[in-house]
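Single-letter residue listing:
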Amino acid sequence: MEEGLIKRLMASIKCGVCGQLYEIDNIGVLGHHQDLWFLRASCSACHTQCLVAAVIGEEREPEVITDLTEVELDRFRDAGMLSADEVLDMHNFLKDFDGDLSRLLSQK
Ligand SMILES: [Zn+2]
């Protein structure tokens with residue numbers, strides 16, 4: 001179902017470091033908040049890990065945001081790629097994850 005769709009979407013993304021495509025086996029879903037999904041991907045070639053946010057709604061094109069940091073969230077908002085509401089949702093979601101994110105990241 002949706003997790004499979006998201007992983008397939010992720011598998012079309014290249015590692016920001018070496019350009020290798022991520023493999024579905026190396027993609028983990030951390031959680032989601034409405035249409036906003038958070039994933040962790042690790043590169044099979046250089047083993048770099050990145051956090052990924054994807055906005056996936058039923059009636060819209062999936063949008064993937066890699067290497068998520070708060071600074072970059074602001075940049076995306078400035079670039080008009082996300083609505084202010086979506087950025088706010090993301091911030092709130094990350095805030096809810098305070099203290100838990102490292103635990104989630106260390107999960108298999
Ligand atoms: Zn890589």
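Per chain, residues are indexed from 1 in the order of the written sequence. Note on the predicted model: pLDDT of at least 70 is required for a residue's local features to be given, and 80 or more for side-chain atom pairs to be given and counted; whole-chain, interface and lining totals, by contrast, use all residues. Calculated side-chain values reflect all of the structure's heavy atoms, with hydrogen atoms and water omitted.

## Thoughts on the coordination of the zinc ion
Put simply, the rule reads: With water omitted from the atoms examined, metal sites may look incomplete; donors here are N, O and S atoms no farther than 2.8 Å from the metal, or 3.2 Å in the case of Na, K and Ca. Each residue is placed in one exposure class: buried if its accessible area under a 1.4 Å probe, protein chains only, is under 20% of its type's maximum, exposed if it is over 50%, and partly exposed if it falls in between.
Only C15 (SG), C18 (SG), C43 (SG) and C46 (SG) from the protein coordinate the zinc ion, and they sit 2.3 to 2.4 Å from it. In this structure C43 comes out as buried when scored by relative accessible area, which is 1%. Residue C46 is classed as partly exposed on the basis of its relative accessible area, which comes to 29%.

## Brief notes about the confidence of the model for the protein
Under the convention used in this document: Per residue, pLDDT captures the predictor's confidence, and it can take any value from 0 to 100. Secondary structure counts use DSSP, requiring at least four H or I residues in a row for a helix and at least two E residues in a row for a strand, with both numbered from the N terminus.
Chain-level statistics for the protein give a pLDDT mean of 72 and a share of 56% at 70 or above. Confidence, expressed as mean pLDDT per element, reaches its minimum in the protein at helix 4 (residues 101-106) with 52 and its maximum at strand 2 (residues 36-42) with 83.

## Quick word on the nonpolar core
Defined as follows: As used here, the term nonpolar core means buried Ala, Val, Leu, Ile, Met, Phe, Trp, Tyr and Cys residues forming a set that is joined through side-chain atoms within 4.5 Å. We call two residues contacting when some pair of their heavy atoms lies within 4.5 Å.
Formed by 14 residues in total, the largest nonpolar core has its most connected members in M10, Y22, I27, L39 and A41. Residues within four places of M10 in sequence aside, it is in contact with Y22, I27, L39, A41, V52 and V64.

## Examining the pairing of strand 3 (residues 49-55)
Short version of the rule: Whether two strands pair comes down to DSSP finding at least two bridges between them.
Most of strand 3 is tucked away, with six of its seven residues classed as buried. The pairing of strand 2 with strand 3 spans seven bridges and is classified as antiparallel. The partner of A41 across the bridge, within strand 3, is C50. Connecting the antiparallel pair strand 2 and strand 3 is a turn made up of six residues, with H47 showing a positive phi of about 65 degrees.

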